[in-house]
Amino acid sequence: MTAALVHTIGVAIAVPPPHGLQLQTWREQFGDPMARKIPPHVTLLPPTPVAAAEMPDVVEHLRAMAAGCAPFGIHLRGTGTFRPASAVVFVTVAEGIAGCERLEEKVRSGPLGHRGLEFAYHPHVTVAHDVTDAALDHAFDKLADYDARFEVGGISLYVHGLDGFWRPIREFGFGEPFAG
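Now for a description of the structure that goes with this document. Since we're looking at a predicted model, the values are computed, not measured.

**Observations concerning the side chain of Thr79**
Consideration 1: Along the chain, Thr79 turns up in strand 3 (residues 72–81).
Consideration 2: A polar side-chain atom of Thr79 sits 2.9 Å from the main-chain carbonyl oxygen of Phe140.
Consideration 3: Beyond its immediate stretch of four places on either side in the chain, Thr79 contacts Val89, Phe90, Val91, Thr92, Ala139, Phe140, Leu143 and Ala144.

Take a look at the structure:
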């Protein structure tokens, strides 16, 4: 597949305002170079190459999947890390884990069923990645008392741009019929 005929996509739960902006600002302050390029989110499908010709099937799959889902709550509380396996500090999903796991399983089916995972699925919101150990420690400590709740009413399809930015290109609301 040539680059022009392939999109790198991801599917996620977007962290809504004001929490998303707060976490993005913190990520910037921790020195993470991707802070402005990756909107705060809970990943459901990690970066996955998809042929442009397959995108309509992917969109239909996500639309149908989301139409059959119901809203649920997420409670973000405290921090965690994947160190030493990966230089990541994250805000933990304290409530809503089962909802995230069900969504992740449904997203990675149908035309996206081929996408395996490098690590076991663990819902979280990254706040520091590939920064110094001191910055990771600071992020871990600074957000240890972080606490936010929000309702998940849908999922977002993101595309990775040539400029390195991840942009949402389509949202799929739970329980919504297809609107074209």
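**Details of the sheet that holds strand 5 (residues 124–129)**
Consideration 1: Here we have four strands laid out as an open sheet, ordered 5-4-3-6, and antiparallel in their pairing. Pairing within the sheet leaves two strands with one partner each, and these edge strands are strand 5 and strand 6 (147–152). This sheet shows a mean twist of 30° between the axes of neighbouring strands, independent of strand direction.
Consideration 2: Pairing between strand 3 and strand 6: six bridges, direction antiparallel. By the bridge assignment for strand 6, His75 is matched with Arg149.
Consideration 3: Its contacts with the sheet place helix 3 (residues 97–107) against strand 3 and strand 4 (88–95), and it is angled at close to 100° to strand 3.

**Topic: the nonpolar core**
Consideration 1: Among the nonpolar cores identified, the biggest contains 45 residues, and Ile13, Ile74 and Ile155 are the most heavily contacted of them.
Consideration 2: Look past the residues within four positions of Ile13 in its chain and what remains in contact with it is Pro40, His41, Val42, Leu44, Phe72, Ile74, Cys100, Leu103, Phe150, Val152 and Ile155.

**With respect to the packing of aromatic side chains**
Consideration 1: Using the criterion set out here, one finds three aromatic pairs in the structure.
Consideration 2: Ring geometry for Phe82 and Phe90: centres 4.6 Å apart, planes at 40°, overall tilted.
Consideration 3: Judged by its relative accessible area of 4%, Phe90 falls in the buried class.

**With respect to the sheet that holds strand 2 (residues 41–51)**
Consideration 1: Read from one edge of the open sheet, four strands run 2-1-7-8, paired in antiparallel fashion. A single partner strand is all that each edge strand has here, and the edge strands are strand 2 and strand 8 (166–173). Sheet twist, expressed as the average angle between the axes of neighbouring strands with direction ignored, equals 25°.
Consideration 2: On top of the sheet, helix 2 (residues 55–67) reaches strand 1 (6–14), strand 2, strand 7 (154–160) and strand 8; it is set at about 45° to strand 8, its chief contact.
Consideration 3: Packing of helix 3 onto the sheet brings it into contact with strand 1, strand 2 and strand 7, and relative to strand 2 it is tilted by some 5°.

Conventions used here
Residues numbered from 1 in each chain as written. Predicted model: local features only at pLDDT ≥ 70, side-chain atom pairs only at ≥ 80, totals over all residues. Heavy atoms only, no water. Helix = DSSP H or I, 4+ residues; strand = E, 2+ residues; numbered from the N terminus. Polar contact = N/O pair within 3.5 Å; in protein donor to acceptor, adjacent residues only side chain to side chain. Contact = heavy atoms within 4.5 Å. Pairing = 2+ DSSP bridges. Axes fitted to C-alpha atoms, helices over the stretch in contact; angles between N-to-C directions. Core = buried A, V, L, I, M, F, W, Y, C linked by side-chain atoms within 4.5 Å. Buried < 20%, exposed > 50% of the residue type's maximum accessible area, 1.4 Å probe, protein only. Phe/Tyr/Trp six-rings, centres within 6.5 Å; stacked < 30°, edge-to-face > 60°.

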